[in-house]
Amino acid sequence: MTRRTYDELRSARWFARDDFRGFGHRSRTLQMGFAPEDWTGKPVIAIINTWSDINPCHQHFRQRAEDVRRGIHQQGGFPIELPALSVSENFIKPTSMLYRNMLAMEVEEMIRSHPVDGAVLMGGCDKTTPGLVMGAVSAGVPFIYLPAGPMLRGNWRGKTLGSGSDAFKYWDEKRAGTIGDKEWSEMEMGIARSYGHCMTMGTASTMTAIAEALGLTLPGASSIPAADANHIRMSAASGRRIVNMVWEDLTPEKILSRAAFDNAATVAMATGCSTNAVVHIIAMARRAGVELTLNDLDGKSRTTPVIANVRPAGSTYLMEDFFYAGGLPGLMTRLGERLDGSCLTVTGRSLGENIAGAEVFNDDVIRTVDNPIYSEGSLAVLRGNLAPDGAVIKPVACDPRFRVHEGPALVFDSYPELKKALDDEDLPVTPDHVLVLRNAGPKGGPGMPEWGMIPMPKALLKKGHRDMVRLSDARMSGTSFGACVLHVAPESYVGGPLALLRTGDVIRLDVPNRRLDMLVDEEELARRRAEWTPPPERFGRGYGWMFSRHIEQADKGCDFDYLRSDFGLSAGEPDIF
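Conventions adopted
- Residues numbered from 1 in each chain as written.
- Predicted model: local features only at pLDDT ≥ 70, side-chain atom pairs only at ≥ 80, totals over all residues.
- Heavy atoms only, no water.
- Phe/Tyr/Trp six-rings, centres within 6.5 Å; stacked < 30°, edge-to-face > 60°.
- Helix = DSSP H or I, 4+ residues; strand = E, 2+ residues; numbered from the N terminus.
- Buried < 20%, exposed > 50% of the residue type's maximum accessible area, 1.4 Å probe, protein only.
- Core = buried A, V, L, I, M, F, W, Y, C linked by side-chain atoms within 4.5 Å.
- Contact = heavy atoms within 4.5 Å.
- Salt bridge = Lys/Arg side-chain N within 4 Å of Asp/Glu carboxyl O.
- Expected span 1.5 Å × (residues − 1).

Student: So what's going on with the packing of aromatic side chains? Which residues, and what values?
Tutor: Within a pair of aromatic rings, the relevant descriptors are the distance that separates the centres and the angle that separates the planes. In the structure shown here, the tally under the stated rule is 11 aromatic pairs. Summarising the aromatic geometry, the rings of Tyr 543 and Phe 547 are spaced 6.1 Å apart at their centres and angled 55° between planes, so their arrangement reads as tilted. Residue Tyr 543 and its partner Phe 547 are both found in helix α20 (residues 542-550); the two are separated by four residues, about one turn of the helix. A single burial state applies to Tyr 543 and to Phe 547, both of which are buried. Centre to centre, the rings of Phe 547 and Phe 560 are 5.7 Å apart; their planes meet at 85°, and the pair counts as edge-to-face. Of the two residues, Phe 547 is situated in helix α20 and Phe 560 in the segment after α20; the sequence distance between them amounts to 13 residues.

Student: Summarise the nonpolar core; cite the residues concerned and give the values.
Tutor: With 109 residues, the main nonpolar core has Ile 48, Ile 210, Leu 214, Ile 281, Phe 322 and Leu 331 as its most contacted residues. In terms of residue count, the dominant contributor to this core is helix α11 (residues 258-271) (eight residues). Here Phe 322 is in contact with Ser 223, Ala 308, Val 310, Gly 327, Leu 328, Leu 331, Val 365 and Ile 366, once residues within four sequence places are set aside. Listed in part, the 27 residues of the second largest apolar core include Phe 402, Val 436, Val 488 and Val 520.

Student: Let's hear about the pattern of salt bridges: which residues, and what values?
Tutor: This model, assessed by the stated rule, comprises 50 salt bridges. When the shortest N-O distance is used, the salt bridge between Glu 108 and Arg 112 registers 3.1 Å. One end of the pair, Glu 108, and the other, Arg 112, are both in helix α5 (residues 100-113), four residues apart, so they sit about a helical turn from each other. Note on accessibility: Glu 108 and Arg 112 belong to one class, buried. Across the salt bridge formed by Asp 413 and Arg 438, the nearest N and O atoms sit 2.5 Å from each other.

Student: Mind laying out α11, listing which residues take part and the relevant values?
Tutor: Under the 1.5 Å per step criterion, the end-to-end length of α11 is 20 Å for 14 residues, consistent within 8% with the ideal 20 Å. Turning to α11, its buried residues number three or more, namely Ala 260, Phe 261, Asn 263, Ala 264, Ala 265, Thr 266, Val 267, Ala 268, Met 269, Ala 270 and Thr 271. Its buried side turned inward, α11 meets α9 (203-214), α12 (276-287), α13 (294-303), α15 (327-335) and α16 (351-355). Taken from the residues just after α11, Gly 272 is the one with a positive phi, measuring 75°.

Here you go:
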């Protein structure tokens, strides 16, 4: 393999030139206490760190940045840490999805404007993985992804608790009156016991698995629990590897091929992935110049069984168990010819070479394709007169009887209106009704909040019901479960057919045939459309105003239209005069 010379590095434009600006860059670096021996002849590696005081998933990233720094020094690089938007899933309102693209923009511009030859991307909490990767792909320098890792499993009265999944489950029980404040308070203290992201197969674990399947992490990196000493070693190893990636000029365009995204989609379906994977992997692919569609993902789902027995798709196990059972490399060995093993990865070797010799140590946690927990993949893409551009459901995580269902709609135009009704014990609702929330999509939410796992009505909880069909243009947490139809596109806020639905209209859901329809004749729909008026704009200025004008719909990945790779030429290298 041809090795680049120092003069060919981006950072040499800042540090190696014998001119006035070179003087300024070197003198200001000396001002920080560095010596020429720190940078001369060495690649500059950005440690892009999404740590913050209010992101519990990334609380260990201050120390992990030091571990990465140690690895970079070991391999002869010059590390610089650059803080990036933390995008804390737990605390950002109305939704962290509103800021995924802001993180991507920040990363792209931060890399381009600084003397960066390569980058280690430190993320894990839901939107950080796609945001960091999208930005770094557009920037085009070599990078390696460092996943935060899942937290330790939760515990309550001898029972294992899973992030999100058990919070949703027991909240319904509290609303139903089967548990009280004391039990709820105990769970509050036991469900999240360490740093790290959700330890169910939620969006965080899904997206870090996708990053690994794409070839963007070291082998096995996505499965290591955050509190495990192996995570420290992996962090240092990522620092060492990125230095060599720079010398090898191993850029993302050499890794992120169509076949790599096909691999990632297959792995996602096999893990029982979050529904949010759809939005993010499409956006990531489009940044890399790969046209990945809902139909492509549905095709993968139809031919890929779910073999990761991890909640919420599975019944018992969590990510800690998945790691001990062999992790993602073990799962990928079981997918065999469904994966293209020739795809290049950040190791400089192929995916097949990376997973050669990987083993599975628990056949119940990581099943064989002949003994899956669900015979098709995690997700199904639905179309029909309610969702001409598509909608998504996770059939593996819902009551099987609702996979084919017909029932009257109960429609709500806002979450406060919905919440008030759900808490009404006299609400006239049956298990056959379809709860509908609209104006919660990319523009309407704004940012497509995770409101799609609509809580069960208290009137039904009191009667022992725990699932029903729910439909929205919102998303739901990857830790969620239930018969929830999501991402309806086009969204109602922009005049999609969902805006025309009325309470009492019959909705037909047919997952096997991938259909979602309202049984309303075309003449009536045309009359309703003529009467429909657009809702008022949500933003008059600022980032929200820009977001509303440029955000794409869910089926396109919710990127900004002007950030797609086919929109126009990138700015290129900055001028230094």
